[in-house]
Amino acid sequence: MLSFDILDDIEDGDDYQKLWLNEQSIALNASTAMIFACINIIRKLDLKFKERAISIILEYSLSSVSGQHMDLLGKNCTEKEYIEMTLKKSGSLVSLACLVGAILAGDKYQDVIKRYSRYIGLIGQLNNDLKDLSTWEGKNDLLNKKISLPIIYLLHYKGEEAELIRGYYNGTVGKDELLNNQKIISKTIEQSGALLCTQIIKKMYQNKVKSELQHLNVEKKFINKILDYAI
């Protein structure tokens, strides 16, 4: 997951606070090494179902790469498309971690693990979406013309206040003009309901996680630990 995080940051090129973006060629090489090291370590383990675990790593890694490719193309312009892309991109990585752990512990995994882990991945991305519109310093999805759930809402918002944002994304408004209107745009982000809508959708998927976990036959203390990842 660290390897994919590094690759994602380099491909997006929008968060230079990350140390590995200062030495991108070295970071690329390290992230590539980590992927193969991960598979190699599991293959050397004395565990009965290690080959199935490796198959899960390969399958879900490719699914996440596919979701990342959809994200890089920037064509997820509806709420439904964005959620489907995120379940594939971020959801696949969390599913990878959960399912590998489950398969190494036993012969099979329950479908409930596959479902709630994807939802947790989506919740994590929605948290990032909200955070990346909370400040004009550092990483900011709006300034980088990224597509996120609240930005999709803003781009479809009917209010005239959102014209600056739409103009910035279609190229008729420059970054300097956008920055000169920070107060107006920040007010629009807050009053349009973009953040509230994202929080509501996040809450819906938090409830889905809780519902799925009711079908997991483990001690409550473990359920509570899983829920910590869905906050």
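Before reading further, recall that the structure is shown in the block above.
Residues numbered from 1 in each chain as written. Predicted model: local features only at pLDDT ≥ 70, side-chain atom pairs only at ≥ 80, totals over all residues. Heavy atoms only, no water.

### Brief notes about the packing of aromatic side chains
Under the criterion given, the structure shown has two aromatic pairs. Centroid distance Tyr168 to Tyr169: 6.2 Å. Interplanar angle 85°. Geometry classified as edge-to-face. Take Tyr168: its relative accessible area is 4%, and that puts it in the buried class. Positioned above the aromatic ring of Tyr168 is the side chain of Lys145, whose terminal nitrogen or guanidinium carbon lies 4.9 Å from the ring centre. Directly above the ring of Tyr205 sits Lys208, whose terminal nitrogen or CZ lies 5.6 Å from the centroid. (Phe/Tyr/Trp six-rings, centres within 6.5 Å; stacked < 30°, edge-to-face > 60°. Buried < 20%, exposed > 50% of the residue type's maximum accessible area, 1.4 Å probe, protein only. Lys NZ or Arg CZ within 6 Å of the ring centre and 35° of its normal.)

### Some points on unusual backbone geometry
What is expected of a backbone is that most residues other than glycine have negative phi and most peptide bonds are trans. Not every positive phi belongs to a glycine, and Lys145 is a case in point at roughly 55°. In this structure, Lys145 sits in the loop between helix H5 (111-131) and helix H6 (149-155). Judged by relative accessible area, Lys145 falls into the partly exposed class, the value being 39%. (Helix = DSSP H or I, 4+ residues; strand = E, 2+ residues; numbered from the N terminus.)

### Digging into a nonpolar patch on the surface
A cluster of nonpolar side chains, Ile41, Leu45 and Leu47, forms an exposed patch at the surface whose accessible area comes to about 250 Å². Relative to the elements of secondary structure, Leu45 occurs in the loop between helix H2 (24-44) and helix H3 (50-73). (Patch = residues over 30% accessible without salt bridge, like charges linked within 9 Å, V, L, I, M, F, W, Y side chains within 5 Å. Areas by Shrake-Rupley, 256 points an atom, 1.4 Å probe, with all protein chains shown as cover. Salt bridge = Lys/Arg side-chain N within 4 Å of Asp/Glu carboxyl O.)

### Here we look at the nonpolar core
Core analysis: the largest hydrophobic core is formed by 53 residues, its most contacted members being Tyr116, Leu142, Ile185, Val209 and Leu216. A per-element tally of this core places helix H4 (residues 79-105) first, with 10 residues. Setting aside its immediate chain neighbours within four residues, Val209 contacts Tyr116, Tyr119, Ile120, Ile123, Leu227 and Ala230. (Core = buried A, V, L, I, M, F, W, Y, C linked by side-chain atoms within 4.5 Å. Contact = heavy atoms within 4.5 Å.)

### Quick notes on the pattern of salt bridges
Counting across every chain of the model gives eight salt bridges. Notably, a salt bridge pairs Glu51 with Arg43, separated by 3.1 Å at the nearest N-O pair. Taking the shortest distance from any N to any O, the salt bridge between Lys139 and Asp141 comes out at 3.7 Å. One connected set of salt bridges, linked through shared partners, spans Asp8, Asp71 and Lys89.

### Some words on the packing of H4 against H5
Helix packing for two helices is described by the angle between their axes and how far apart those axes are. Running from N to C, H4 and H5 cross one another at 125°; their axes reach a closest spacing of 6 Å. In terms of axis orientation, H4 runs oblique to H5. When the axes of H4 and H5 are compared, the crossing they make is right-handed. Taking contact as the criterion, the partners of Tyr82, Ile83, Thr86, Leu87, Ser90, Gly91, Val94, Ser95, Cys98, Leu99 and Ala102 in H4 are, on H5, Ile113, Lys114, Ser117, Arg118, Tyr119, Ile120, Gly121, Leu122, Gln125, Leu126 and Asp129. (Axes fitted to C-alpha atoms, helices over the stretch in contact; angles between N-to-C directions. Parallel < 35°, antiparallel > 145°, perpendicular 65-115°, else oblique. Left-handed = near helix turned anticlockwise from the far one by under 90°.)

### Digging into the packing of H5 against helix H10 (residues 194-213)
Contact geometry for H5 and H10: axes closest at 9 Å, N-to-C directions at 160°. Considering their axes alone, H5 and H10 lie roughly antiparallel with respect to each other. Here the hand of the crossing between H5 and H10 comes out left-handed. When H5 is examined against H10, the residues Val112, Arg115, Tyr116, Tyr119, Ile120, Leu122, Ile123, Leu126, Asn127 and Leu130 are found in contact with a partner set consisting of Leu195, Thr198, Gln199, Ile201, Lys202, Tyr205, Gln206, Lys208, Val209, Glu212 and Leu213.

### Focus on the state of the cysteines
Summed over the entire model, instances satisfying the criterion amount to zero disulfides. Residue Cys77 stays outside any disulfide, its sulfur separated by 16 Å from that of Cys197, the closest cysteine. Not engaged in a disulfide, the cysteine Cys98 finds its nearest cysteine sulfur in Cys38; these two sulfurs lie 14 Å apart. Note on Cys98: relative accessible area 24%, which makes it partly exposed. (Disulfide = S-S within 2.5 Å.)

### What to know about the side chain of Thr86
With respect to the helices and strands, the residue Thr86 is situated in helix H4. For Thr86, a relative accessible area of 2% gives the class buried. At 2.8 Å, the side chain of Thr86 and the backbone oxygen of Tyr82 are in polar contact. Residues within four places of Thr86 in sequence aside, it is in contact with Gly91, Leu122 and Gln125. (Polar contact = N/O pair within 3.5 Å; in protein donor to acceptor, adjacent residues only side chain to side chain.)

Keep in mind that these numbers describe shape and distance, not what the molecule does.
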